[in-house]
Structure formats: structure tokens, C-alpha cells
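The primary structure of each chain is shown beneath.
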Number of protein chains: 2
Amino acid sequence: MQVIEKPQLEFWFEFGSNYSYLSVMRIEAAAREHQVDIVWKPFLLGPIFKELGWESAPFVQQKEKGAYVWRDMERQAAKYGLPFRRPSTFPRVAVLPMRVAVHGAGEPWIGAFCREVMLQNFFHDIDVNREDNVRRALERAHADPDAVLAAATGEENKLRLRRQTEEARRRGIFGAPTFFAGDEMFWGNDRLEDALEWAAGRRAHA
Amino acid sequence: MQVIEKPQLEFWFEFGSNYSYLSVMRIEAAAREHQVDIVWKPFLLGPIFKELGWESAPFVQQKEKGAYVWRDMERQAAKYGLPFRRPSTFPRVAVLPMRVAVHGAGEPWIGAFCREVMLQNFFHDIDVNREDNVRRALERAHADPDAVLAAATGEENKLRLRRQTEEARRRGIFGAPTFFAGDEMFWGNDRLEDALEWAAGRRAHA
């Protein structure tokens, strides 16, 4: 028996991030097409922005850019055929579902769970940090909410999310989504396809 | 005789801007493909950044993002088949060639001239603001250097560049390249194709 290993792409994302929404919704289908395995790497953007000396996402602090980003999101979502509604709260705190995602990163339900949380935030416009909403997302992803929530809110797993956020900082991540193919970093939903091609070894390396 | 008017896309750019480099090199071929006419709109980024409260391009001021951007440029240039060398001076002052571009925006040589200036900056790594270099770019674009430089450096034309920069600010431009299809604004080289499709009316409007 031979085990064929597919190339991997690390996917660093945060449920509060609007451009992460587009990538979370697209990445599994795109990765299948490129025959690449996704390694899910949730991390907290808040502490990263704080360490970089920013209060929040750069565009939140800058009126012109902020107005543009929401129009861009409408157009991009339409382009990809994704539902979208501008959240009434932005950026939303998402620590609880992030803890679940860190815990479930290697589970078969991770992709479906992440898409459910993202739809809650960027389409249904509800509080993704509330336990009942996280529970519903887990149910829809065919995970066991009780078992998963118990493990996700344990001290060990809380520490894992903190450590993963520190790792993001160490590796020079300054926004989300970010993709790593080995040491090669790609930033932004606009680079998802480039990152997958790089991981798959199909792009002539610059 | 019937004059068929093609749809138009405004192209706001600055010779000092690295992502404008990618769009300047690509836009004429892409516009032909989409059967869209380009309206060349050079403007000065410096005063815009200053009014937004930034010293320079956001990524110049932020180490992590800065390191990323140059790697991204190498990969993007390779993807589009464009030559690229990181400029030893960045961002370069480009007031003289910008004045020429404002003056020549409606001329048949505008595209070729802009590509020459951009190659000087982002491949040959030379001072694009020096008159001899501007002169060489005009020659290669088959324009008349003496006549063009005389007109470009006249008071009236200097004022046109200032006014165009003020217009950029009024319309909410915060970076380059920026494209306008009517009132619809698209920011960044990554949106060039979307902007052309929008202008051509081929994209379902969100």
C-alpha cells in the first residue's frame, strides 16, 4: 500500500476578518481543484494589530478606505457567487468559535464549521461569539457540540490559540487571510489561487 | 458614417507606485481585449497620503508589510511575465514625467511613454525625474521631446497636474492604481480585470 502525500497550504484566518470570509467560503473547493491539502490555522488578529501599533484593521481607521472596502466586498462576493450582508457590528469578537476551530483544525468537519460561522457573521449578521450560535454551527457541520465545546474551552486549548497567535506574529503575518506554502507567504483573498498554485508546484518560482 | 463609442475606464496612477507599475504595463492590452478605452489620469500620491495623515505609502511605514510587498512584487511580475527589479530608491519622485503624462493623456504615445517611465523605475532602476531620462522615454514612445517638454513644464500644465490630484482626493482615492468605471471605484492592480469587465458592462452589477 502506498500513501500519496498531497502538498499542503497553511491557511491563517480569523472569523472577524471580512476578506477571510471570502477565502473560508472558497478554499476547500479551490484546494481540491489544485490537489492541495489545507492546514487550518485560526489566529487572533486583535493582538497582532495591537503589536503592530494599530487600533484595528487599517481600513477601519481610515474613512475613505473603509467606505471602499464594503463596496469591494459586495462586488467580490457577487463575483464568487457568495451571499453577503455588511455586518452591523465590525469587527466581531470571535474568540469562542476560534477556540473551536483551533481544536477542530484536523477534523473532517472543520471546513463546514468555518463556513457556518462565516455565514453567521457576514450574511446572517448575528453574534458569532454566542455559545448557542457556535453550537448551531457545529450541529450543521455534523460535529458533536457538547464534546467539542468542552474540549475547546479547556485551558490547554485556550493556550493553543494564544500560541498560534504568537506564531502568526513571529512569522511576519500582518493581516488575514494569509497563506503559507512552505516559507512562502501570500496575503489576501486575492492571492488564494497563486498560493495554491505555488503549493502545488505548478508556478515557475520567481 | 457611424462613430461607435467604446466604454471608458479611468486609470488613476502614479509613476512612483509599485502596483501602478503592474497596471501600466498591462492595461492597454487588457483594455483592447475588453474593448474598453482607457482615460489616463496621472496624479500625485504624495499630497494624498499627506492629507490622509500618512507620511508615505502605508506599507513603507510598516516593516512586516514592507518586506512582504517586495516579495509579492517579484512573484506578481513573474506571473504577468514582466521584468522587475526592486528600485534602490523608493518611492521615487516623478513630478516631471507626471507632468508629461498629464499633458499627453490624450495622445497616441501615452501608453508607450508610461511603460518606458515605469521600466526605468522598476527595472532599470534609474531616476525617472531627470530630464534626460524623460526625454529618452519620449523618444522611445515616438513623441517629440522638445515640444512635449516645453508644454509639460508650462504653468498651465503644472496647474493641471495639481488640479487632477485635488480631483483624486475629492473622489475618495486613497492609493494607486485606482480605476473608475463611471462612479464605481476599483482599487489596486488586482482589480484591473474586474474594473474592465464592469466598464464593458459584462459583469452583473452587485
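Quick note: structure is the one above.
Residues numbered from 1 in each chain as written. Chains lettered and ligands numbered in written order. Predicted model: local features only at pLDDT ≥ 70, side-chain atom pairs only at ≥ 80, totals over all residues. Heavy atoms only, no water.

Caption draft 1: Here's a closer look at the packing of aromatic side chains. Scanning the model with the defined rule gives 32 aromatic pairs over all chains in all. Geometrically, the ring pair formed by W187 of chain A and Y68 of chain B is edge-to-face, given 6.2 Å between the ring centres and 85° between the ring planes. One end of the pair, W187 of chain A, is in strand β4 (residues 184-187); the other, Y68 of chain B, is in helix α3 (residues 63-80), on a second chain. Their ring planes at 65° and their centres at 5.9 Å tell us that W12 of chain B and F43 of chain B sit as a pair that is edge-to-face. Taken together, the positions of W12 of chain B in strand β1 (residues 8-13) and F43 of chain B in the loop between β2 (37-42) and α2 (45-51) put the pair 31 residues apart, joining distant regions of the chain. The buried category is assigned to W12 of chain B, whose relative accessible area is 0%. Judged by relative accessible area, F43 of chain B falls into the buried class, the value being 0%. Among the aromatic residues, those joined into a cluster by ring pairs are F11, F13, F15, W40, W109, F113 and F179 of chain A. The ring of F186 of chain B carries the charged tip of R75 of chain A above its face, separated from the ring centre by 3.7 Å. Sitting over the ring of F123 of chain A, R85 of chain A keeps its end group 4.9 Å from the ring centre. (Phe/Tyr/Trp six-rings, centres within 6.5 Å; stacked < 30°, edge-to-face > 60°. Helix = DSSP H or I, 4+ residues; strand = E, 2+ residues; numbered from the N terminus. Buried < 20%, exposed > 50% of the residue type's maximum accessible area, 1.4 Å probe, protein only. Lys NZ or Arg CZ within 6 Å of the ring centre and 35° of its normal.)

Caption draft 2: Geometry of the interface of chain A and chain B. Across the boundary between the two partners, chain A contributes 27 residues, which contact 26 residues of chain B. Across the chain A to chain B interface the summed buried area is about 2,600 Å²; carbon plus sulfur atoms make up 51%. Considering only the surface of chain A that becomes buried against chain B, Y68, R75 and R191 of chain A emerge as the three largest contributors, covering 23% of it. Counting across the interface, chain A meets chain B through 12 salt bridges. A salt bridge links R75 of chain A to E184 of chain B; the nearest nitrogen and oxygen atoms lie 3.0 Å apart. If one sorts the elements of the side of chain A that touches chain B by residue count, helix α3 (residues 63-80) of chain A sits on top with 10 residues. (Contact = heavy atoms within 4.5 Å. Buried area = accessible area lost by both parts, 1.4 Å probe. Salt bridge = Lys/Arg side-chain N within 4 Å of Asp/Glu carboxyl O.)

Caption draft 3: Looking closely at helix α4 (residues 95-104) of chain B. All names here are of chain B. Across the 10 residues of α4, seven count as buried, placing the element largely inside the fold. The complete set of buried residues in α4 reads L96, P97, M98, V100, A101, V102 and G104. Among the structural elements, β1, β2, α5 (110-124), α6 (131-140), α7 (145-152) and α8 (155-170) are those in contact with the buried residues of α4.

Caption draft 4: Quick peek at the sheet that holds β2 of chain B. All names here are of chain B. Pairing in this open sheet of four strands is mixed, and the strands run β2-β1-β3-β4 from one edge to the other. With partners counted over all chains shown, the strands left at the sheet margins are β2 and β4 (184-187), one partner each. For this sheet the average axis-to-axis angle between neighbouring strands, irrespective of direction, equals 25°. Note that β1 and strand β3 (residues 178-181) share three bridges and pair antiparallel. The partner of F11 across the bridge, within β3, is F179. (Pairing = 2+ DSSP bridges. Axes fitted to C-alpha atoms, helices over the stretch in contact; angles between N-to-C directions.)

Caption draft 5: View of the side chain of R75 of chain A. Along the chain, R75 of chain A falls in helix α3. A polar contact is formed between the side chain of R75 of chain A and the backbone oxygen of M185 of chain B, at a distance of 2.8 Å. (Polar contact = N/O pair within 3.5 Å; in protein donor to acceptor, adjacent residues only side chain to side chain.)

Caption draft 6: Layout of the packing of helix α1 (residues 18-34) of chain A against helix α5 (residues 110-122) of chain A. Residue and element names in this part refer to chain A. The interhelical angle for the contact between α1 and α5, taken along N-to-C directions, is 145°, at an axis separation of 9 Å. Classified by chirality, the crossing of α5 by α1 is left-handed. The residues of α5 that touch α1, namely those facing N18, S20, Y21, V24, M25 and E28, are G111, C114, R115, M118, L119 and F122. Its residues placed into classes, the contact of α1 with α5 shows seven nonpolar, three polar and two charged. (Left-handed = near helix turned anticlockwise from the far one by under 90°. Nonpolar A, V, L, I, M, F, W, Y, C, P; charged D, E, K, R; others polar.)

Caption draft 7: The arrangement of the packing of α4 of chain B against α8 of chain B in detail. Residues and elements named next belong to chain B. Contact pair α4 / α8: the axes reach a minimum separation of 9 Å and the direction vectors enclose 90°. With respect to each other, α4 and α8 are oriented roughly perpendicular. On the side of α4, the interface is formed by V95, M98, R99, V102 and H103, while α8 contributes N157, K158, R160, L161 and Q164. Of the residues contributing to the contact of α4 with α8, the split by class is four nonpolar, three polar and three charged. (Parallel < 35°, antiparallel > 145°, perpendicular 65-115°, else oblique.)

Caption draft 8: How the structure looks around the pattern of salt bridges. Residues and elements named next belong to chain A. Within the structure shown, the criterion is met by 40 salt bridges over all chains. Residue E28 is joined to R115 by a salt bridge in which the shortest nitrogen-to-oxygen separation is 3.0 Å. With E28 in helix α1 and R115 in helix α5, this residue pair connects regions lying 87 residues apart in the sequence.

Caption draft 9: Summary view of the sheet that holds β4 of chain A. Residue and element names in this part refer to chain A. The mixed open sheet is built from four strands, whose spatial order is β2-β1-β3-β4. The outermost strands of the open sheet, each flanked by one partner alone, are β2 (37-42) and β4. Across this sheet, the average inter-strand angle for adjacent strands is 25°, counted without regard to direction. Contacting β1 (8-13), β2, β3 (178-181) and β4, helix α9 (residues 192-199) crosses the sheet at an angle of about 15° to β3.

Caption draft 10: Focus on the relation of the copies chain A and chain B. Under the fitted operation, chain A is carried onto chain B by 0.0 Å of movement along the axis and a turn of 180°, and the coordinates agree to an RMSD of 0.0 Å. Such a combination of turn and shift is consistent with a two-fold rotation axis. Considering only C-alpha atoms, the part of chain A nearest the rotation axis is D190 of chain A, at 3.5 Å. A symmetric contact is evident, with 96% of the interface residues of chain A recurring at the interface of chain B. (Least-squares fit on C-alpha atoms with pLDDT ≥ 70 in both.)

Caption draft 11: Structural detail: unusual backbone geometry. Residue and element names in this part refer to chain A. With an omega dihedral of -10°, the bond running from F90 to P91 counts as a cis peptide bond. With respect to the helices, strands and loops of the structure, P91 is situated in the loop between α3 and α4 (95-104). The peptide bond linking A176 to P177 adopts the cis configuration, its omega dihedral lying at 0°. Within the secondary structure, P177 is located in the loop between α8 (155-170) and β3. One non-glycine residue, Q35, lies in positive phi territory at about 55°. Among the secondary structure elements, Q35 is positioned in the loop between α1 and β2.

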